[in-house]
Amino acid sequence: MRVFAISDLHVDYEDNLKWIYNISSYDFTGDILVVAGDISDSLSLLERALSNFVRRFKVVLFVPGNHELWISRDKGIKTSLDKYTHIRSVVEASGAQQSAFRADGLCILPLLSWYDYSFGQPTQRLLDVWMDFRTCQWPTGFQMDDVATHFEQWNYFPELGDEEFVITFSHFLPRIDVLPKFIPDALKVLNPILGATRIERQIRKLNSKIHIYGHSHVNQHTHIEGITYVNNALGYPHETRITSKRLRCVYTVGDENC
């Protein structure tokens, strides 16, 4: 049994939708797929993509990203918290899951999250241009820290056996230094909306060996302080230099090196 990772599928793009339908129907039927958010802000496309994965993999695990919480396309949804309720229903109906997976000494735990400005304070320019600030709607008085706390409270921390191999996954970055050094200084204006240090604290508490994340659209595989961090984004169709456009195996039961 292998564990594969993918994120940031953005199936609103026809090329990306075709990519997920071209995944083999035979090669992964005994395997696990971890999807670290940003499939689509459309509930119908989210359901189509997850159902497609469920037909191809033994287990499909998912956490929503920021795009899933946008409310501009699905009519009749007033807040992004209401949208999350709909997302949970779509995930369940598709046959995918947001709950912990445990089998054969392996434990995979989803970590719901949001950015909380622990990577830095946003500039006015970022507040003006970042789509989340226009397409997400939070209850009156909610700040970003409140949003992050709300989602964090959904997370489940089971009693873990000493021999269990733990993999965690979130959409947002757990620490800013998982980004490669080639990121231009001009793009560091985005740091405040990339992730939250509270995710890293949860990872450490769970003694995770591998953490899968998304959001940055920069494929990365790095080791920091005993943990392997993996970002394997499909990304937008034009992002061919920073994404690999393929599933990535991150773990095989009985063989940590996959």
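An account of the accompanying structure is given in this report. (Residues numbered from 1 in each chain as written. Predicted model: local features only at pLDDT ≥ 70, side-chain atom pairs only at ≥ 80, totals over all residues. Heavy atoms only, no water.)

Digging into the overall build of the protein
- If you tally the helices and strands in the protein, you get seven helices and 10 strands.
- Compactness check: the protein gives a C-alpha radius of gyration of 17 Å against a globular reference of 18 Å for 258 residues, within 12% of the reference.
- Taken over the C-alpha atoms alone, the protein extends approximately 50 × 40 × 40 Å along its principal axes.
- Every one of the 258 residues in the protein was classed for burial, and the buried ones make up 56%.
- When contacts within the protein are restricted to residue pairs at least 6 apart in sequence, those whose partners lie at least 24 apart make up 75%.
- Element-wise, carbon and sulfur atoms account for 49% of the exposed surface of the protein, whose accessible area totals about 11700 Å².
- Counting 26 positive and 31 negative side-chain charges, the protein places the centres of these two groups 4 Å from one another. (Helix = DSSP H or I, 4+ residues; strand = E, 2+ residues; numbered from the N terminus. Rg over C-alpha atoms; globule rule 2.2 N^0.38 Å. Buried < 20%, exposed > 50% of the residue type's maximum accessible area, 1.4 Å probe, protein only. Contact = heavy atoms within 4.5 Å. Areas by Shrake-Rupley, 256 points an atom, 1.4 Å probe, with all protein chains shown as cover. Lys, Arg positive; Asp, Glu negative; His and termini not counted. Charge placed at Lys NZ, Arg CZ, Asp CG, Glu CD.)

Quick look at the sheet that holds strand β10 (residues 248-252)
- What the four strands build is an open sheet, ordered β3-β2-β1-β10; its pairing is mixed. Of all strands in the sheet, those bounded by a partner on one side alone are β3 (59-62) and β10. Going from strand to strand, the sheet's axes swing by 25° on average, the running direction of each strand aside.
- Sheet strands in contact with helix α2 (residues 43-56) are β2 (32-35) and β3, and its direction is about 145° off that of β3. (Pairing = 2+ DSSP bridges. Axes fitted to C-alpha atoms, helices over the stretch in contact; angles between N-to-C directions.)

Some words on the pairing of strand β1 (residues 2-6)
- For β1, the buried fraction is high: four of the five residues fall into the buried class.
- Pairing between β1 and β10: four bridges, direction antiparallel. Bridged to V3 within β10 is Y251.

Thoughts on the pattern of salt bridges
- Within the structure shown, the criterion is met by 14 salt bridges.
- Measuring nitrogen to oxygen at the nearest pair gives 2.9 Å for the salt bridge that ties D116 to R198. You can see D116 sitting in the loop between β5 (106-110) and α4 (124-129) and its partner R198 sitting in helix α7 (residues 197-205), a full 82 residues away along the chain.
- For R198, a relative accessible area of 9% translates into the label buried.
- Here E152 and R198 are joined by a salt bridge, their closest N and O atoms 2.8 Å apart. Taken together, the residues span a long stretch of sequence, with E152 in helix α6 (residues 144-152) and R198 in helix α7 at a distance of 46 residues.
- Taking relative accessible area as the criterion, E152 reaches 25% and is therefore assigned partly exposed. (Salt bridge = Lys/Arg side-chain N within 4 Å of Asp/Glu carboxyl O.)

A short note on the side chain of H211
- With respect to the helices and strands, H211 occurs in strand β7 (residues 210-213).
- On the accessibility criterion, H211 (0% relative accessible area) is buried.
- Within the structure, H211 has its side chain in polar contact with the side chain of T168 (distance 2.7 Å).
- Leaving out residues up to four positions away in the same chain, H211 has contacts with L111, T168, F169, S170, P174, I199, I203, I227, T228, Y229 and V230. (Polar contact = N/O pair within 3.5 Å; in protein donor to acceptor, adjacent residues only side chain to side chain.)

Observations concerning the nonpolar core
- Grouped together as the largest cluster of nonpolar side chains are 83 residues, with contacts concentrated most on I108 and W114.
- When residues of this core are assigned to their parent elements, the largest contribution, six residues, is made by α2.
- Leave out the neighbours within four places in its chain, and I108 touches V3, I32, V34, L61, S99, A100, F101, I167 and F169. (Core = buried A, V, L, I, M, F, W, Y, C linked by side-chain atoms within 4.5 Å.)

Notes on α6
- Among the residues of α6, M144, V147, A148 and F151 are the ones counted as buried. On an axial view of α6, the arc spanned by its buried residues comes to 95°, and they lie on one face.
- Contacts from the buried residues of α6 go to α3 (80-94), α5 (132-135) and α7. (Arc of directions from axis to C-beta.)

Notes on the sheet that holds β5
- Taking strand neighbours across the sheet as the criterion, the six strands line up as β4-β5-β6-β7-β9-β8 in an open arrangement whose pairing is mixed. Both outer strands of the open sheet, β4 (101-103) and β8 (220-224), are each paired with one neighbouring strand and no more. The average angle at which neighbouring strand axes cross in this sheet is 15°, direction not considered.
- For strand β6 (residues 165-169) and β7, the ladder comprises three bridges, and the chain directions are parallel. Bridging from a neighbouring strand, I167 pairs with I210 of β7.
- Sheet strands touched by α7: β6, β7, β8 and β9 (227-231). Its angle to β9, the strand with the most contacts, is close to 130°.

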